[in-house]
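So the chains spell out like this:
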Amino acid sequence: MAADIYEKMETFTDIKVEQYEDFESHPKEHSEEAPARKEKRMVFLSYTAEGELLAKRTAERLMGTESELKVLTYRHGKDFESTDHLLAAEWDLAEVLVFVSATGIAVRSTAPYLRSKAEDPAVLVMDTAGQHVISLLSGHLGGANAWCQEIAELLEAEPVITTATDLHGVFAVDLFAKQNHLWIPETRMIQEVSSRLLSGENVGICSDTLLPEELPAGLIFVPEESSLEKQALPRCGITILTKGGEAPPRFEIECRLYAKNLVLGLGCKKGKTEKELQDFILRTLREAKLFPERISLLASIDLKREEEGILRLAEKWSLPYKTYSAEELNHVPGAFQGSEFVLRTTGTDSVAARSAVCAAGEGAVLLLEKKAEQGMTLSVAARRSHVTNLCGGNWSG
């Protein structure tokens with residue numbers, strides 16, 4: 001029967017079922033400075049014939065999701081010999097790990113790899129009878145709670161979620177950040193905000209962009225230019241920053257959220273390597289006091305569509321890369337520091353800056369017009385950001 005299901009699974013174009021033989025072909029590329037991003041795939045680990053069948057049945061029903069599903073099962077060494085080796089290869093790559101096993105196997109196996117809720121993949125556990133689906137790790141930022149509910153609904157199983165904000169219907173700052181494409185540099189502040197809201201204490205919220213008029217219970221709006229002294233403000237607060245640079249703390253205990261809205265416009269001489277480009281970008285962003293975790297897109301001119309260094313960097317950082325014709329760039333409104341040489345060579349006077357603003361769209365703000373170094377040019381624009389989803393702790397789909 002298992003063989004029949006494998007044959008059937010091969011017909012599903014959205015689901016990838018493969019042997020996992022060469023762990024060295026998937027090296028860890030995590031850098032403390034480079035943006036850490038997960039690939040869109042889900043990995044199932046099972047240890048019995050019953051668990052293998054359930055994993056494949058679940059994968060079949062998840063067809064149509066945005067993730068590329070890879071089904072991995074442990075059975076007599078068929079797919080992987082060691083859970084430790086598998087996790088070493090997948091931990092920094094997979095978005096979701098699903099153990100079809102006892103919870104103890106998942107806990108003991110994943111413990112050595114845990115870093116932080118901002119970096120770890122979502123981890124779920126399903127019992128082999130398909131009666132319960134447990135959200136074990138990264139419930140909000142990793143999306144485990146949402147996956148837990150979706151899979152439980154598909155299997156008519158019982159979802160097990162223990163996140164306090166979800167259980168009590170309280171605003172969850174980490175879920176809010178995920179749904180609005182915001183980055184939390186200090187994840188320890190998530191607990192500061194949640195614990196206060198759960199105990200009935202008000203938490204302030206301040207933003208350099210518009211917020212919905214109606215706020216969840218417990219949140220108090222604090223204008224950017226408020227004349228109130230800190231003593232009159234809530235002790236703990238959330239500050240949302242969507243533009244460039246830094247801002248002085250607004251609250252005594254502050255959870256900062258930065259918009260992932262930076263667009264990098266790039267120009268370079270042919271043959272610049274991925275490492276040269278990465279080092280240049282990270283150094284320039286650091287000088288401009290901009291976080292690389294905020295990058296959402298790379299952009300350039302059509303002449304650089306096949307530039308290997310840029311393509312490799314975009315793949316490494318899991319970022320989209322868009323290019324535009326010289327004619328499109330010349331129609332970008334605004335005044336730019338142009339170059340006659342660049343105009344003669346490419347057909348437009350400013351590749352990096354015009355590409356950044358073009359890709360960032362209407363309302364873009366140019367945060368860094370141009371930094372040039374050793375045949376590489378970088379411009380940084382910020383997309384206009386709006387907070388459109390202020391929700392409580394319960395997942396709303």
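Calculation notes
Residues numbered from 1 in each chain as written. Predicted model: local features only at pLDDT ≥ 70, side-chain atom pairs only at ≥ 80, totals over all residues. Heavy atoms only, no water. Pairing = 2+ DSSP bridges. Helix = DSSP H or I, 4+ residues; strand = E, 2+ residues; numbered from the N terminus. Contact = heavy atoms within 4.5 Å. Axes fitted to C-alpha atoms, helices over the stretch in contact; angles between N-to-C directions. Salt bridge = Lys/Arg side-chain N within 4 Å of Asp/Glu carboxyl O. Buried < 20%, exposed > 50% of the residue type's maximum accessible area, 1.4 Å probe, protein only. Polar contact = N/O pair within 3.5 Å; in protein donor to acceptor, adjacent residues only side chain to side chain. 1 Å grid on protein atoms, 1.4 Å probe; cavity = no way out; pocket = protein on both sides within 12 Å on 5 of 7 lines; lining within 4 Å. Points joined across faces, edges and corners; volume = space filled by probe spheres on them. Nonpolar A, V, L, I, M, F, W, Y, C, P; charged D, E, K, R; others polar.

A. Molecular detail of the sheet that holds strand β10 (residues 219-221). If you walk across this open sheet you meet the five strands as β8-β12-β11-β9-β10, and the pairing is mixed. Lying at the two open borders of the sheet, with one neighbouring strand each, are β8 (182-183) and β10. By the bridge criterion, two bridges tie β8 to strand β12 (residues 253-259) in an arrangement that is antiparallel. What sits directly across from L182, in β12, is A259. The sheet strands contacting helix α8 (residues 188-198) are β9 (203-207), β10, β11 (236-241) and β12, and the helix crosses β12 at an angle near 120 degrees.

B. Examining the pattern of salt bridges more closely. The full count for this structure, using the stated rule, is 18 salt bridges. The partner of K304 in a salt bridge is E307, and the shortest N-O contact between them spans 3.2 Å. This pair shows no difference in class: K304 is buried, exactly as E307 is.

C. Seen up close, the sheet that holds strand β16 (residues 365-373). Pairing is mixed in the open sheet, where five strands are placed in the order β15-β14-β13-β17-β16. Since the sheet does not close on itself, it has two edges, and those belong to β15 (321-324) and β16, each with one partner. Across the sheet, the mean angle from the axis of one strand to that of its neighbour is 20 degrees, orientation sign disregarded. In this sheet, β15 lies alongside strand β14 (residues 295-301) in parallel orientation, the contact comprising four bridges. When the sheet's bridge partners are listed, L298 is paired in β15 with Y321. Strand contacts of helix α10 (residues 308-316): β13 (262-268), β14 and β15, with the helix running at about 145 degrees to β15, the strand carrying the most contacts.

D. Spatial organisation of unusual backbone geometry. Unlike most non-glycine residues, K289 shows phi in positive territory, near 60 degrees. Looking at where K289 falls in the secondary structure, it is placed in the loop between α9 (274-287) and β14. The exposure class of K289 is exposed, given its relative accessible area of 56%. With phi around 50 degrees, Q374 is a residue other than glycine that occupies positive phi space. Relative to the elements of secondary structure, Q374 occurs in the loop between β16 and β17 (376-382). Q374 gets classed as exposed once you look at its relative accessible area, which sits at 62%.

E. Expanded view of helix α13 (residues 351-360). α13 sits mainly inside the fold: nine of its 10 residues count as buried. For α13, the full list of buried residues reads V351, A352, A353, R354, S355, A356, V357, A359 and A360. Just beyond α13, the residue with positive phi is G361, at close to 85 degrees.

F. Examining the environment of G375 more closely. Position of G375 among the secondary structure elements: in the loop between β16 and β17. Note on G375: relative accessible area 26%, which makes it partly exposed. Linking G375 and L277, residues 98 residues apart in sequence, is a C-alpha distance of 10.0 Å. Not counting residues within four places of it along the chain, the set of residues in contact with G375 comprises G267, C268, K269 and K272.

G. Up close: the side chain of R196. Within the secondary structure layout, R196 lies in helix α8. Among the polar contacts made by the side chain of R196, one reaches the side chain of E192 at a distance of 2.5 Å. What R196 contacts, discounting residues up to four positions off in sequence, is E201, V203, R235, C236 and I253.

H. Spatial organisation of the layout of surface pockets. Its volume calculated, the second largest pocket comes out at about 470 Å³. What lines the second largest pocket is a set of 26 residues, and nearest its centre among them are G267, C268, V342, V351 and T377. At the level of secondary structure, the elements contributing two or more residues to the lining of the second largest pocket comprise β13, β14, α12 (340-346), α13, β16 and β17. Ranked by residues supplied to the lining of the second largest pocket, first place goes to α12 with four residues. In terms of residue class, the lining of the second largest pocket is made up of 10 nonpolar, 10 polar and six charged.

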